[in-house]
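The lines below spell out each chain.
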Amino acid sequence: NKNIYNYFVSNSQGNFLFHNQNATSNSIIDLFNSKGKILHSYFKSTARSDEFNNFLELHNPISLKDDNMCFVLNEKEGIYAVENDTCKELYRFVFGKNKYSDMLDEFYESTGDDAIQKFSDKYHLPLAIENLFFGDTYFTVNMLVTPNMLFYYYNMVTGKGFLVKDWVLKGKLALFPSLTVGVNKDYF
């Protein structure tokens, strides 16, 4: 009795990770076994998260890395992985001193269709982090900064990354290539 919103990935054990982006009063991430039984749920959906997600639909927020099911979320700066019964943050994007939680508290009190864009400009945060892809030694994501889509590459071996195009806001570079922090580098 779950509405599977959009994206899923499966591993070699036959488990499925579902990303339920607009799952009011349910979890955003559900782990099922091959018989359709829910094993675990992570990141409970709230009215606030659904409101934010109604503005921005993530595209391809999940990827496999060495049979680990990984994902990104709206409102979060991290890349997460689910394995067995645990969910771990692997990497975190650090956008200066700002966090999505700073922006969102103010955003929820605002009105207008351009509210997210205004706060993105104010706090120097991308509107979404999506299109997650893991290679053998690297990952890539896109960062939506209207009207641009920035392609970000990060080498997990060297710990270095770069943006294909810089995001310049009010004459200053808003995102730096060294914005990735490894939280669980040895997880892979």
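Quick look at the structure, then. Fair warning: this is a prediction, and the values are worked out from it, not measured in the lab.

1. Brief notes about the overall build of the protein chain
And then number 1: Scanning the protein chain from terminus to terminus reveals three helices and 15 strands.
And then number 2: Counting the 188 residues in the protein chain, one finds 48% classified as buried.
And then number 3: Considering only residue pairs separated by 6 or more positions, the protein chain has 49% of its internal contacts joining residues 24 or more positions apart.

2. Notes on the packing of aromatic side chains
We describe a pair of aromatic rings using the distance from one ring centre to the other and the angle between the two ring planes.
And then number 1: Using the criterion set out here, one finds 16 aromatic pairs in the structure.
And then number 2: Taking 5.0 Å as the distance between ring centres and 65° as the angle between the ring planes, the aromatic pair formed by phenylalanine 43 and tyrosine 80 counts as edge-to-face. Taken together, the positions of phenylalanine 43 in strand β4 (residues 38–44) and tyrosine 80 in strand β7 (residues 78–83) put the pair 37 residues apart, joining distant regions of the chain.
And then number 3: Taking the relative accessible area as the measure of exposure, phenylalanine 43 reaches 25% and is therefore partly exposed.
And then number 4: By way of ring pairs, the aromatic residues Tyr91, Phe93, Phe95, Phe134, Phe139, Tyr152 and Tyr154 are connected into one cluster.

3. What to know about the sheet that holds β4
Each strand in a sheet pairs with another by means of backbone hydrogen bonds, the pair being arranged parallel or else antiparallel.
And then number 1: Spatial strand order, β1-β2-β3-β4: four strands in an open sheet with antiparallel pairing. Looking at the sheet topology across the chains shown, the edges are occupied by β1 (7–10) and β4. The average undirected angle you get between the axes of adjacent strands in this sheet is 15°.
And then number 2: The pairing of β1 with strand β2 (residues 16–19) spans four bridges and is antiparallel. Of the residues in β2, the one forming a bridge with serine 10 is phenylalanine 16.

4. As for the pairing of β1
And then number 1: Residues Tyr7 and Val9 point to one face of β1 and are all buried, whereas Phe8 and Ser10, pointing to the other face, are not buried.
And then number 2: The loop that links β1 with its antiparallel partner β2 comprises five residues; one of these, glycine 14, has a positive phi angle of about 85°.

5. Side note on a nonpolar patch on the surface
And then number 1: On the surface, Val94, Val181 and Val183 cluster together into a nonpolar patch covering about 190 Å² of accessible area.
And then number 2: Take valine 181: it is sitting in strand β15 (residues 180–182).
And then number 3: In this structure valine 181 comes out as partly exposed when scored by relative accessible area, which is 36%.

6. A closer look at the nonpolar core
And then number 1: In terms of nonpolar packing, the biggest core is built from 37 residues, with Phe93, Phe139, Met143 and Tyr152 touching the most fellow members.
And then number 2: Looking at this core, the elements that each hand over two or more residues are β6 (68–72), β7, β8 (86–93), α2 (100–107), α3 (115–123), β9 (128–134), β10 (138–145) and β11 (148–155).
And then number 3: The element contributing the most residues to this core is β10, with five residues.
And then number 4: If you look at the next biggest cluster of nonpolar residues, it comprises 13 residues, including Ile29, Tyr42, Leu73 and Val82.

Analysis parameters
Residues numbered from 1 in each chain as written. Predicted model: local features only at pLDDT ≥ 70, side-chain atom pairs only at ≥ 80, totals over all residues. Heavy atoms only, no water. Helix = DSSP H or I, 4+ residues; strand = E, 2+ residues; numbered from the N terminus. Buried < 20%, exposed > 50% of the residue type's maximum accessible area, 1.4 Å probe, protein only. Contact = heavy atoms within 4.5 Å. Phe/Tyr/Trp six-rings, centres within 6.5 Å; stacked < 30°, edge-to-face > 60°. Pairing = 2+ DSSP bridges. Axes fitted to C-alpha atoms, helices over the stretch in contact; angles between N-to-C directions. Patch = residues over 30% accessible without salt bridge, like charges linked within 9 Å, V, L, I, M, F, W, Y side chains within 5 Å. Areas by Shrake-Rupley, 256 points an atom, 1.4 Å probe, with all protein chains shown as cover. Salt bridge = Lys/Arg side-chain N within 4 Å of Asp/Glu carboxyl O. Core = buried A, V, L, I, M, F, W, Y, C linked by side-chain atoms within 4.5 Å.

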